[in-house]
Amino acid sequence: MDERAALDLVGGLVSGAGDDAAVVDGTALTIDMLHETTDFPPGTTRYTAGWRAVGASLSDVAATGADATAAVAAYAAPEFEEGELSEFVAGANEVCDAVGAAYVGGDLDGHDEFTVATAAVGDADGQVGRDGARPGDAVVVTGSLGRSAAAIEYFERGDTQRANALFQFMPRVAAGRALAGHATAMMDSSDGLARSLHQLSEGSGCGFDVDSDRIPVADDLEGLVADPLDRAVTFGEDFELVATVPPERVEAARGALSVDLSVVGEVTESGILLDGDPLPDEGWTH
């Protein structure tokens, strides 16, 4: 079975599964796994790998509206090299520092492929899940979309310095906390905007009508690929937040954030549309 079918299977077996992170007794908890062949293109530094791997888990905590407090990582590789391991820890430390969390260690193991499993925890006053969107809510997105797609292009072109810089995204922990008081539903965009809307639709039993002219496409992607909008909507791995907010609360939410917040559409009764046409369930697949 593919990843989506596997997730559906697990969701039917595990009570409470389905959101970016679980919240248990006021603690948000999440775990992720990344592999060299699927997540770290040739040229990815170990510093970037540490930042990105830990950042992915911090992003999941952010998507629940929790305040990230700590992260750990299990680091596996064919052999342990001092420089690579030191750089990985430096990246993990710095992404945690950037959001006010602490990197507190993890585990080491031998493996035939560089692989990282990361977990993060946070303090949650409540939880913003994927099940609260209601018709009439605005659909909002933090930051811009397509940064990671641009990074992949630069990796393929051999501009690894620029690619690594783009791969070091900022987890939206502060934005998640600010949106928590306004959003009816929220998740991160790690699977892409299109797939995120499909997942929110399943969770909330609603539809979406999105306008392409309002989607914030990353400047780094413009002029780099033939169809920047399509890449921004379907590629994923950007780790921005996608949320639904009652329209009368959008300006208050925007004023509480230190990052751009774009209204890209609205929640409807059913159907997932982009410019009036069905938006396929396409996105990042591991």
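Keep in mind that what you see is a predicted model, and the values were worked out from it rather than measured.

Q: Hey, could you run me through the overall build of the protein chain in this one?
A: Looking only at helices and strands, the protein chain features ten helices and twelve strands. A principal-axis box enclosing the C-alpha atoms of the protein chain has dimensions of 55 × 50 × 40 Å. In the protein chain, which comprises 286 residues, the proportion classed as buried is 53%. Here the contacts in the protein chain between residues at least 6 apart in sequence split such that 86% fall between residues at least 24 apart. For the protein chain, the accessible surface area stands at approximately 12300 Å², while carbon and sulfur atoms represent 48% of it.

Q: Quick question: what am I supposed to make of the domain arrangement of the protein chain here?
A: One frequently used descriptor of interface size is the decrease in accessible area upon assembly of the parts. By the assigned domains, the protein chain splits into domain 1 (21–123) and domain 2 (138–278). The interface of domain 1 with domain 2 comprises 26 residues on the first partner and 21 residues on the second. Three residues stand out in domain 1 for area buried against domain 2, namely Trp51, Arg52 and Ala63, and they jointly supply 30% of the buried area on that side. One can count one salt bridge joining domain 1 with domain 2. One salt bridge connects glutamate 237 with arginine 52, and the closest N-O pair in it is separated by 3.6 Å. Between the two partners, domain 1 and domain 2, sit ten residue pairs in polar contact (both at pLDDT 80 or more). Breaking the side of domain 1 that touches domain 2 down by element, the ones donating at least two residues are helix H3 (46–62), strand E3 (67–77) and helix H4 (82–98). Element by element, the count of residues in the side of domain 1 that touches domain 2 is highest for H3, at ten residues. In the side of domain 1 that touches domain 2, the residues fall into 13 nonpolar, eight polar and five charged.

Q: Can you help me understand the packing of H3 against H4 in this one?
A: Close contact between H3 and H4 brings their axes to 6 Å; oriented N to C, the two are set at 40°. Judged by the angle between their axes, H3 and H4 are oblique. Of the two elements, H3 crosses H4, and the hand of that crossing is right-handed. Where H3 abuts H4, its residues Arg46, Tyr47, Ala49, Gly50, Trp51, Val54, Gly55 and Leu58 lie against Glu84, Glu87, Phe88, Ala90, Gly91, Ala92, Glu94, Val95, Cys96 and Ala98.

Q: Before we go on, may I ask you to explain the environment of glutamate 36 in this structure?
A: Looking at where glutamate 36 falls in the secondary structure, it is placed in helix H2 (residues 36–39). Of the residues examined, glutamate 36 reaches a relative accessible area of 35% and is grouped as partly exposed.

Q: Is there a simple way to think about the sheet that holds strand E4 (residues 102–110) in this case?
A: In sheet architecture, strand pairing relies on hydrogen bonds along the backbone and comes in two forms, parallel and antiparallel. Within the open sheet, the five strands sit side by side as E1-E2-E5-E3-E4. Their pairing is mixed. Strands at the two margins of the open sheet, each flanked by one partner only, are strand E1 (22–24) and E4. Averaged over all neighbouring strand pairs, the angle between strand axes comes to 20°, with direction disregarded. Where E1 meets strand E2 (residues 27–35), three bridges bridge the pair, whose relative direction is antiparallel. Its bridge partner lying in E2, valine 23 is registered against alanine 28.

Q: Explanation requested: helix H6 (residues 160–167) in the structure shown.
A: Taken as a whole, H6 has its buried residues at Ala163, Asn164, Leu166 and Phe167. Down the axis of H6, the smallest arc covering the buried residues is 165°, so these residues share one side. Elements in contact with the buried residues of H6: H2, H3 and helix H5 (147–157).

Q: Mind showing me how you'd approach a negative patch on the surface here?
A: Taken together, the side chains of Asp209, Asp213, Glu266, Asp275 and Asp277 define an acidic patch exposed on the protein surface. Looking at the element boundaries, aspartate 275 is found in the loop between strand E11 (272–274) and strand E12 (277–278). We classify aspartate 275 as partly exposed; its relative accessible area is 44%.

Q: I would appreciate a short explanation of unusual backbone geometry in the present structure.
A: Negative phi characterises most residues that are not glycine, and trans characterises most peptide bonds. Despite not being glycine, glutamate 237 shows a phi value in the positive range, around 65°. The residue glutamate 237 is located in the loop between helix H9 (228–234) and strand E9 (241–245) in this model. Notably, aspartate 275 is not glycine yet its phi reads approximately 55°, a positive angle.

Q: How should the UniProt feature "binding site: Mg(2+) 5" (unreviewed entry) in the protein chain be read in this particular structure?
A: As recorded in UniProt, the sites labelled "binding site: Mg(2+) 5" (unreviewed entry) are Asp191. Structurally, aspartate 191 can be placed in the loop between strand E7 (185–188) and helix H8 (193–204).

Q: Explanation requested: H5 in the structure shown.
A: It helps to recall that an α-helix has 3.6 residues per turn; residues three or four apart then point in one direction. Taking burial as the measure, the eleven residues of H5 include eight buried ones, the bulk of the element. For H5, the complete set of buried residues consists of Ser148, Ala149, Ala150, Ala151, Ile152, Glu153, Tyr154 and Phe155. Buried-residue contacts for H5 involve H3, H6 and H9. Among the residues trailing H5, glycine 158 stands out with phi positive, at a value near 90°.

Calculation rules
- Residues numbered from 1 in each chain as written.
- Predicted model: local features only at pLDDT ≥ 70, side-chain atom pairs only at ≥ 80, totals over all residues.
- Heavy atoms only, no water.
- Helix = DSSP H or I, 4+ residues; strand = E, 2+ residues; numbered from the N terminus.
- Buried < 20%, exposed > 50% of the residue type's maximum accessible area, 1.4 Å probe, protein only.
- Contact = heavy atoms within 4.5 Å.
- Areas by Shrake-Rupley, 256 points an atom, 1.4 Å probe, with all protein chains shown as cover.
- Domains from an automatic or database assignment.
- Buried area = accessible area lost by both parts, 1.4 Å probe.
- Salt bridge = Lys/Arg side-chain N within 4 Å of Asp/Glu carboxyl O.
- Polar contact = N/O pair within 3.5 Å; in protein donor to acceptor, adjacent residues only side chain to side chain.
- Nonpolar A, V, L, I, M, F, W, Y, C, P; charged D, E, K, R; others polar.
- Axes fitted to C-alpha atoms, helices over the stretch in contact; angles between N-to-C directions.
- Parallel < 35°, antiparallel > 145°, perpendicular 65-115°, else oblique.
- Left-handed = near helix turned anticlockwise from the far one by under 90°.
- Pairing = 2+ DSSP bridges.
- Arc of directions from axis to C-beta.
- Patch = residues over 30% accessible without salt bridge, like charges linked within 9 Å, V, L, I, M, F, W, Y side chains within 5 Å.
- Lys, Arg positive; Asp, Glu negative; His and termini not counted.
- Charge placed at Lys NZ, Arg CZ, Asp CG, Glu CD.
- UniProt positions renumbered as here; feature names shortened; annotations may be inferred.

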